[in-house]
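Descriptive structure summary
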Amino acid sequence: MIRFLIVAVALGVSCVAASANALHFNPTQPALVRNMQTFGATTMPVGYYEYCRRYANLCDRDPDGASVQLTKPRWREIVSVNAEVNAAVAPLTDMEIYGVEERWEYPTAAGDCEDYALLKRKRLNEMGYPLGALLMTVARDSKGGGHAVLTVVTDLGDFILDNIEQKVLLWRDTEIYYLKRQSQRDLNRWVSLVNEDDLMASSGRSQAPSTAAASVNR
């Protein structure tokens, strides 16, 4: 606990008090956890499936670990990669770039949200971070639009690398509704970040996001 408090202060992140940001978007996530809870297998995004058809060798890899120890040097690396990719890639939709609704691809000059996340994952993995700790994550932004980010799983929490929010934030300090992400044990298996049963029971069927929304195929 002492180590956590010291490192959290050193990194300048808020990992103690639960914020009102992501928590009101994600009511089925426990409020005080630093790492998001998962709720079983769910569908693979179509964009990821097609990505794996093009890059079978990249999808056929072992996770090599499920978390990283968040030291100050690693924090600086994560922040640097996030900033460098965000600065180097211009935001354009897949329709504008490729003429199709959805395509997961490594960007060169321009890209969509999932393209930023793919490139950040690639760079961090090349720096020695295990793929099981670098999880492609599908979500909805604060306006309800489809979104994708990279989740870096650490011993101090799940940190989000986003192309819209320039700061690297703990998941619960974001304004994102998290839907699903890659499994830490099997990169080609996806797990839900929404407990549909609890959501229905607490909010009522008419108020809760539908199962179809929770399995959005970005």
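The structure this text deals with has already been given above.
A brief report on the enclosed structure follows. Not measured: the values here are computed from a predicted model.

Burial analysis of strand β8 (residues 177–182) places 6 of its 6 residues in the buried class, the great majority of the element. In terms of strand pairing, strand β4 (residues 134–140) meets β8 through 4 bridges, oriented antiparallel. By the bridge assignment for β8, Thr-137 is matched with Arg-181. Note that β8 and strand β9 (residues 190–192) share 3 bridges and pair antiparallel. Paired with Gln-182 across the bridge in β9 is Trp-190.

In a regular helix each residue adds 1.5 Å, so 14 residues correspond to 20 Å; helix α7 (residues 113–126) covers 20 Å between its end C-alpha atoms and thus fits that length. In terms of residue burial, α7 counts as a mostly covered element, since 10 of its 14 residues are buried. Note on α7: the residue one or two positions beyond its end, Gly-128, has a positive phi of about 105°.

Counting 49 residues, the largest nonpolar core has Leu-124 and Tyr-178 as the members making the most contacts within it. The contact partners of Leu-124, leaving out residues within four places of it in the chain, are Glu-77, Ile-78, Val-81, Tyr-129, Leu-134, Leu-150, Val-152 and Leu-161.

Let us now look at the packing of aromatic side chains. If you walk through the whole model with that rule in mind, you get 9 aromatic pairs. A centroid spacing of 5.4 Å and a plane angle of 65° characterise the contact between Tyr-48 and Trp-190, whose relative ring orientation is edge-to-face. Within this pair, whereas Tyr-48 is found in helix α3 (residues 46–54), its partner Trp-190 is found in strand β9, the two being separated by 142 residues in sequence. Looking at Trp-190, the relative accessible area reads 1%, which means it is buried. For the pair Trp-75 and Phe-159, a centre-to-centre distance of 5.4 Å together with 70° between the ring planes defines the contact as edge-to-face. Of the two residues, Trp-75 sits in helix α5 (residues 72–88) while Phe-159 sits in strand β6 (residues 157–161), which places them 84 residues apart along the sequence. In this structure Phe-159 comes out as buried when scored by relative accessible area, which is 1%. Ring pairing ties together the aromatic residues Tyr-48, Tyr-51, Tyr-55, Trp-104, Tyr-106 and Trp-190, which thus form one cluster. The ring of Tyr-129 carries Arg-74 above its face, with NZ or CZ at 5.8 Å from the centroid. Positioned above the aromatic ring of Tyr-98, the side-chain terminus of Arg-103 is 5.1 Å from the ring centre.

Relative to the helices and strands, Asn-195 is located in the loop between β9 and α8 (196–203). Here Asp-197 takes part through its backbone nitrogen, which lies 3.2 Å from a polar atom of the side chain of Asn-195. Setting aside residues no more than four positions away along its own chain, Asn-195 makes contact with Thr-28 and Phe-39.

Let us now look at unusual backbone geometry. The phi dihedral of Asp-64 falls on the positive side, at around 60°, and the residue is not glycine. Overall, the relative accessible area of 65% leaves Asp-64 in the exposed class.

So, on to the layout of surface pockets. The computed volume of the largest pocket comes to approximately 220 Å³. Along the walls of the largest pocket sit 14 residues, with Asp-162, Ile-164, Glu-165, Glu-175 and Ile-176 positioned nearest its centre. Broken down by class, the residue content of the lining of the largest pocket amounts to 4 nonpolar, 4 polar and 6 charged.

Conventions we followed
Residues numbered from 1 in each chain as written. Predicted model: local features only at pLDDT ≥ 70, side-chain atom pairs only at ≥ 80, totals over all residues. Heavy atoms only, no water. Buried < 20%, exposed > 50% of the residue type's maximum accessible area, 1.4 Å probe, protein only. Helix = DSSP H or I, 4+ residues; strand = E, 2+ residues; numbered from the N terminus. Pairing = 2+ DSSP bridges. Expected span 1.5 Å × (residues − 1). Core = buried A, V, L, I, M, F, W, Y, C linked by side-chain atoms within 4.5 Å. Contact = heavy atoms within 4.5 Å. Phe/Tyr/Trp six-rings, centres within 6.5 Å; stacked < 30°, edge-to-face > 60°. Lys NZ or Arg CZ within 6 Å of the ring centre and 35° of its normal. Polar contact = N/O pair within 3.5 Å; in protein donor to acceptor, adjacent residues only side chain to side chain. 1 Å grid on protein atoms, 1.4 Å probe; cavity = no way out; pocket = protein on both sides within 12 Å on 5 of 7 lines; lining within 4 Å. Points joined across faces, edges and corners; volume = space filled by probe spheres on them. Nonpolar A, V, L, I, M, F, W, Y, C, P; charged D, E, K, R; others polar.

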